[in-house]
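# Notes for the structure review
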Amino acid sequence: QVQLVESGGGLVQAGGSLRLSCAASGSIFSINSMGWYRQAPGKQRELVATITSGGRTNYADSVKGRFTISRDSAKNTVYLQMSSLKPEDTAVYYCYCDGRYSTDYTSYTGWGQGTQVTVSS
C-alpha cells in the first residue's frame with residue numbers, strides 16, 4: 001500500500017499565504033505524477049495542480065499565477081505554495097500520487113486524508 005500524509009493547512013486571512021506538504025511512503029517502486037485536488041462544501045472535488053516526474057505542471061485556471069506546485073522526488077514529497085489566497089479557495093485539499101508498487105509493479109493511485117484550508121475575508 002501507499003500512504004500519503006498532508007500537512008500545512010489552516011486559517012489565513014484573504015491575501016495571505018500557506019504552504020501545503022504531502023509525503024508519500026509505502027510500497028513505492030515509482031511515482032509518476034503527484035498533485036492536489038480540493039473540495040469545498042457542497043461542491044465536487046476539483047483539480048488544483050499536478051506535476052509529473054519530469055517536472056511538467058498543470059494548474060486550474062482559478063489558481064494560475066497564485067499557486068505553485070513543486071516536488072522533491074528524493075523525498076517522495078509534493079508541495080503547494082498558495083499565495084494571494086481568496087475566500088473561494090476555502091476547501092479541504094487532498095494530495096494524490098500515482099505510480100507502480102514495488103511488490104508487483106502494478107499501478108496505484110493513492111490519496112491523502114485531506115487538510116482544511118480556510119481563508120477569511
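Here the structure is a predicted model, which means the values were calculated and not measured.

All right, on to the nonpolar core then. Formed by 31 residues in total, the largest nonpolar core has its most connected members in Trp36, Leu80, Met82 and Tyr93. Of all the secondary-structure elements, those providing two or more residues to this core are β1 (2-7), β3 (18-26), β4 (28-39), β5 (46-51), β7 (67-72), β8 (77-82), β9 (91-101) and β11 (115-120).

Among the secondary structure elements, Val5 is positioned in strand β1. Of the residues examined, Val5 reaches a relative accessible area of 52% and is grouped as exposed. Sequence separation between Val5 and Ser21 is 16 residues, and the spatial gap between their C-alpha atoms is 8.1 Å. In this view, Val5 contacts Ser21, Cys22, Ala23 and Gln113; residues no more than four positions away in its chain are not counted.

Moving on, we get to the state of the cysteines. Taken as a whole and assessed by the stated rule, the structure comprises one disulfide. Each sulfur of the disulfide joining Cys22 and Cys95 lies 1.9 Å from the other. Of the two residues, Cys22 sits in strand β3 while Cys95 sits in strand β9, which places them 73 residues apart along the sequence. For the pair formed by Cys22 and Cys95, the shared burial category is buried.

Let us now look at the environment of Ile28. Tracing the backbone shows Ile28 in strand β4. The buried category is assigned to Ile28, whose relative accessible area is 17%. Distance from Ile28 to Val119, taken between C-alpha atoms, is 34 Å for residues 91 residues apart in sequence.

Below, the discussion takes up the pattern of salt bridges. Following the criterion strictly, the structure yields four salt bridges and no others. The partner of Glu46 in a salt bridge is Arg38, and the shortest N-O contact between them spans 2.7 Å. Taking relative accessible area as the criterion, Glu46 reaches 36% and is therefore assigned partly exposed. A salt bridge links Lys64 to Asp61; its shortest N-O distance comes to 3.1 Å. Exposure remark for Asp61: the relative accessible area of 65% places this residue in the exposed category.

Counted according to the given criterion, the structure contains five aromatic pairs. Here the aromatic rings of Phe29 and Tyr105 are separated by 4.9 Å at their centres, their planes lie at 90°, and the arrangement is edge-to-face. Here Phe29 is found in strand β4, whereas its partner Tyr105 is found in the loop between β9 and β10 (107-111), with 76 residues between them in sequence. Relative to Tyr96, the ring of Tyr37 has its centre 5.7 Å away and its plane inclined at 75°; by these criteria the two rings are edge-to-face. You can see Tyr37 sitting in strand β4 and its partner Tyr96 sitting in strand β9, a full 59 residues away along the chain.

Parameters and conventions
Residues numbered from 1 in each chain as written. Predicted model: local features only at pLDDT ≥ 70, side-chain atom pairs only at ≥ 80, totals over all residues. Heavy atoms only, no water. Core = buried A, V, L, I, M, F, W, Y, C linked by side-chain atoms within 4.5 Å. Buried < 20%, exposed > 50% of the residue type's maximum accessible area, 1.4 Å probe, protein only. Helix = DSSP H or I, 4+ residues; strand = E, 2+ residues; numbered from the N terminus. Contact = heavy atoms within 4.5 Å. Disulfide = S-S within 2.5 Å. Salt bridge = Lys/Arg side-chain N within 4 Å of Asp/Glu carboxyl O. Phe/Tyr/Trp six-rings, centres within 6.5 Å; stacked < 30°, edge-to-face > 60°.

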